[in-house]
Amino acid sequence: MAMNTDKNNYTIIFSVIMVFVVGALLAGVSSVLKPDIAINKKKEKQQNILFAMNVTDDKDPNAFVPADKAQVLFDQYVGGEQFVIVDGNATKTTDAFEIDIKKEADKVKQDADYKRRLPLFIGEKDGEKFYIIPVRGNGLWDAIWGYVALNDNFDTVKGAFFDHKGETPGLGANITEAYFREDFLGEKILDADGNYRGIEVKKGNSDPKNNRKDDNAVDALAGATITGDGVTAMVKKGIKMYLPYFETLKK
């Protein structure tokens, strides 16, 4: 006997079956693509880290190195100089990429005794070392993140990369623009007395060309106060967690 397709039961059964079928198909596709997704994420992190140490595309200084060259160039400039820092102690590793700093922060919130793992990448370019720190925070609408590279005295920014998930185009989204990140180059993170200050994205900084590198501040983005405050907090907190380890390197 033919099924009456006009009944509500038919619609419900059909919908349930479709949910299971589509879910199974998506799970299967995700499983098949998982290795490729992991590889692409790794390449993206390599591009970001290289960008933070000013290794960019040969044809465009404001563009990432090509994805197909990311691994080779990462091996050239960073190689095995990857570390995981726990409680001020560093362990050399090959899987610092695997550490998700957001998940690490969530674990600390869930368990105050959890020992946060901090990934650190040390690059070298033209005879100079770059200590590259991943940072993550909150903008106006969603997450913001990036990498900040310090010199080997751990007091000056040598490079930076910032990105976002959903900041306002033309306003907060401008943290990705060259003129914003370049303001961080050469900025001191310590004050005149050697105390840690970080770098403030400051409205009314009265230094639009960013000539002063010892004021612990860069000029704010117009119309993006909350995003700027997010970058300030992200950079200050992110670098601060690494200071105990950097102090051991100075001794």
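Here the structure is shown first, and the text comes after it.
Because the structure is predicted, anything quoted here is derived from the model rather than measured.

1. Describing the overall build of the chain
- Broken down by element type, the chain carries six helices and eight strands.
- Going from N to C terminus, the chain has its helices and strands arranged as α-α-β-β-α-β-β-β-β-α-β-β-α-α.
- Here the chain holds 251 residues, and the buried ones make up 39% of them.
- When contacts within the chain are restricted to residue pairs at least 6 apart in sequence, long-range pairs at least 24 apart make up 53% of them.
- Carbon and sulfur atoms make up 53% of the accessible area of the chain, which totals about 14,700 Å².

2. Let's talk about unusual backbone geometry
- Despite not being glycine, Asn54 shows a phi value in the positive range, around 65°.
- Mapping Asn54 onto the fold places it in the loop between helix H1 (8–52) and helix H2 (70–77).
- When its relative accessible area of 31% is taken as the criterion, Asn54 is described as partly exposed.
- Notably, Asn216 is not glycine yet its phi reads approximately 55°, a positive angle.
- As for its placement among the helices and strands, Asn216 is situated in the loop between strand E7 (200–202) and strand E8 (217–219).
- Residue class for Asn216 comes out buried when judged on its relative accessible area of 5%.

3. So, the pattern of salt bridges
- In the structure shown here, the tally under the stated rule is nine salt bridges.
- Asp142 serves as the salt-bridge partner of Lys165, at 4.0 Å between the closest nitrogen and oxygen. Taken as a pair, Lys165 in the loop between strand E6 (157–164) and helix H4 (178–182) and Asp142 in the loop between strand E4 (128–138) and strand E5 (143–150) lie far apart in primary sequence, 23 residues in all.
- Lys165 sits in the exposed class, given a relative accessible area of 61%.
- On the accessibility criterion, Asp142 (33% relative accessible area) is partly exposed.
- Each of Glu104, Lys107 and Arg117 takes part in one network of salt bridges that share partners.

4. Some thoughts on a positive patch on the surface
- Residues Arg197, Lys202, Lys236 and Lys240 make up a contiguous surface patch of positive charge.
- Along the chain, Lys236 turns up in helix H5 (residues 225–240).
- Its relative accessible area of 40% is what places Lys236 among the partly exposed residues.

5. Remarks on a nonpolar patch on the surface
- A cluster of nonpolar side chains, namely Leu140, Trp141 and Ile226, defines an oily patch on the protein surface of about 340 Å² accessible area.
- Position of Ile226 among the secondary structure elements: in helix H5.
- Note on Ile226: relative accessible area 49%, which makes it partly exposed.

6. Comments concerning the side chain of Gln47
- Take Gln47: it is sitting in helix H1.
- In this structure the side chain of Gln47 is engaged in a polar contact, spanning 2.8 Å, whose partner is the backbone oxygen of Val65.

7. Focus on the nonpolar core
- In this structure, Leu120, Phe162, Phe184, Val231, Ile239 and Phe246 are the most contacted members of the largest nonpolar core, which totals 33 residues.
- Sequence-distant contacts of Ile239, defined by excluding residues within four places in its chain, comprise Ile133, Val148, Leu150, Ile189 and Tyr196.
- Of all hydrophobic cores here, the second largest spans 20 residues; its members include Leu50, Ala52, Val55 and Ala149.

How each quantity is defined
Per-chain numbering applies: the sequence of each chain, read as written, is numbered from 1 onward. A pLDDT threshold of at least 70 governs which residues receive local features in this predicted model, and a stricter bar of 80 or more applies before side-chain atom pairs are shown or counted, although totals over entire chains, interfaces and linings include all residues. With hydrogens and water stripped out, all remaining heavy atoms of the structure feed into the side-chain values. What counts as a helix is a DSSP run of H or I of at least four residues, what counts as a strand is a run of E of at least two, and both are numbered from the N terminus. Relative accessibility decides the category of a residue: with a 1.4 Å probe and only protein chains considered, values under 20% of the type maximum give buried, values over 50% give exposed, and everything between is partly exposed. Whether two residues are in contact is decided by their heavy atoms, any of which lying within 4.5 Å being enough. Here, Shrake-Rupley sampling with a 1.4 Å probe gives the accessible areas, and only protein chains in the shown set may cover a residue. We define a salt bridge as a contact between a side-chain nitrogen of Lys or Arg and a carboxyl oxygen of Asp or Glu at a distance within 4 Å. Without a salt bridge and with relative accessible area above 30%, a residue can belong to a patch; like charges are then joined within 9 Å and nonpolar side chains (Val, Leu, Ile, Met, Phe, Trp, Tyr) within 5 Å. This count recognises Lys and Arg as positive and Asp and Glu as negative, with His and chain-terminal groups excluded. Every charge is mapped to an atom, namely NZ of Lys, CZ of Arg, CG of Asp or CD of Glu. Each polar contact in these results corresponds to two N or O atoms within 3.5 Å; when the atoms are within protein, one needs to be able to donate a hydrogen and the other to accept it, and residues that are neighboring in sequence are counted only if both atoms are side-chain atoms. Nonpolar cores are built from buried Ala, Val, Leu, Ile, Met, Phe, Trp, Tyr and Cys residues. Side-chain atoms within 4.5 Å join them into one set.

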